[in-house]
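Structure at a glance
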Amino acid sequence: MIFINPKTDYAFKKIFGSSESKDILISFLNALVYDGNSIIEDLEIINPNLPPVLQGLKDTYLDVKAKLRDGTLVIIEMQVLNVESFGKRVLLYL
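Let us look at the structure shown here.

Quick notes on the rules
- Residues numbered from 1 in each chain as written.
- Predicted model: local features only at pLDDT ≥ 70, side-chain atom pairs only at ≥ 80, totals over all residues.
- Heavy atoms only, no water.
- Helix = DSSP H or I, 4+ residues; strand = E, 2+ residues; numbered from the N terminus.
- Polar contact = N/O pair within 3.5 Å; in protein donor to acceptor, adjacent residues only side chain to side chain.
- Contact = heavy atoms within 4.5 Å.
- Patch = residues over 30% accessible without salt bridge, like charges linked within 9 Å, V, L, I, M, F, W, Y side chains within 5 Å.
- Areas by Shrake-Rupley, 256 points an atom, 1.4 Å probe, with all protein chains shown as cover.
- Salt bridge = Lys/Arg side-chain N within 4 Å of Asp/Glu carboxyl O.
- Buried < 20%, exposed > 50% of the residue type's maximum accessible area, 1.4 Å probe, protein only.
- Phe/Tyr/Trp six-rings, centres within 6.5 Å; stacked < 30°, edge-to-face > 60°.
- Arc of directions from axis to C-beta.
- Pairing = 2+ DSSP bridges.

**What to know about the side chain of S18**
Summarising the element assignment, S18 is placed in the loop between helix 1 (9–16) and helix 2 (22–33). There is a polar contact of 3.1 Å between the side chain of S18 and the backbone oxygen of K14. The residues touching S18, leaving out its near neighbours within four places in the chain, are K13 and I45.

Shown next, in the form of structure tokens:
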């Protein structure tokens, strides 16, 4: 059996960013953020496209963007390499 590397953009988005894998994302967030407690019961996977703030700049695509039941937006990004500008990118997403 051949497995796809979950650190690739395609695989990561399939595992955590598709409506079919919503339960996996809920479990992942509860384990990571809430020490395994089932705080998040439901969420909605939403369009990860962020249109540019200024005309002429390129669109940004998040790995996973979800909205929790209480309205909280959750952004999950897979970062494999140590990229110097990653902190600036996170601030832009906020």
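Read on for the rest.
**What about a nonpolar patch on the surface?**
Judged by side-chain polarity, L32, V33, Y34 and I39 come together as a nonpolar surface patch covering roughly 390 Å² of accessible area. Overall, Y34 belongs to the partly exposed group, its relative accessible area being 30%.

**Concerning the packing of aromatic side chains**
Per the stated rule, a full pass over the model turns up two aromatic pairs. Centroid distance F12 to F16: 5.0 Å. Interplanar angle 50 degrees. Geometry classified as tilted. With F12 and F16 both in helix 1 and four residues apart, this pair spans about one turn of that helix. Under the relative-accessibility criterion, F12 is labelled buried at 7%. Seen in terms of ring centroids, F16 and F28 are 4.7 Å apart; in terms of plane orientation they differ by 50 degrees. Their pairing is tilted. Placement of the pair is F16 in helix 1 and F28 in helix 2, with a sequence separation of twelve residues.

**So, helix 1**
Of the positions making up helix 1, those classed as buried are A11, F12 and F16. Burial along helix 1 is one-sided: seen end-on, the buried residues are contained in an arc of 105 degrees. For helix 1, the elements touching its buried residues are helix 2, strand 1 (43–45), strand 4 (64–68) and strand 5 (73–76).

**Here we look at the pairing of strand 5**
The two faces of a sheet get side chains in turn, since along a regular strand they alternate between them. Here strand 5 shows a buried face lined by V74 and I76 and an unburied face lined by L73 and I75. Pairing between strand 4 and strand 5: four bridges, direction antiparallel. If you follow A66 over to strand 5, its bridge partner there is V74. What sits between the antiparallel neighbours strand 4 and strand 5 is a turn of four residues, in which G71 has the positive phi angle 95 degrees.

**Looking at the pattern of salt bridges**
Overall, the coordinates contain three salt bridges when judged by the stated rule. Across the pair K13 and D9 runs a salt bridge, and its minimum N-O distance is 3.2 Å. Of the two residues, K13 and D9 are both situated in helix 1; the distance of four residues between them amounts to about one turn of the helix. Residue R69 pairs with E41 through a salt bridge whose shortest N-O separation is 3.3 Å. One end of the pair, R69, is in the loop between strand 4 and strand 5; the other, E41, is in the loop between helix 2 and strand 1, with 28 residues separating them in the sequence. Across this residue pair, the class does not change: R69 and E41 are exposed.

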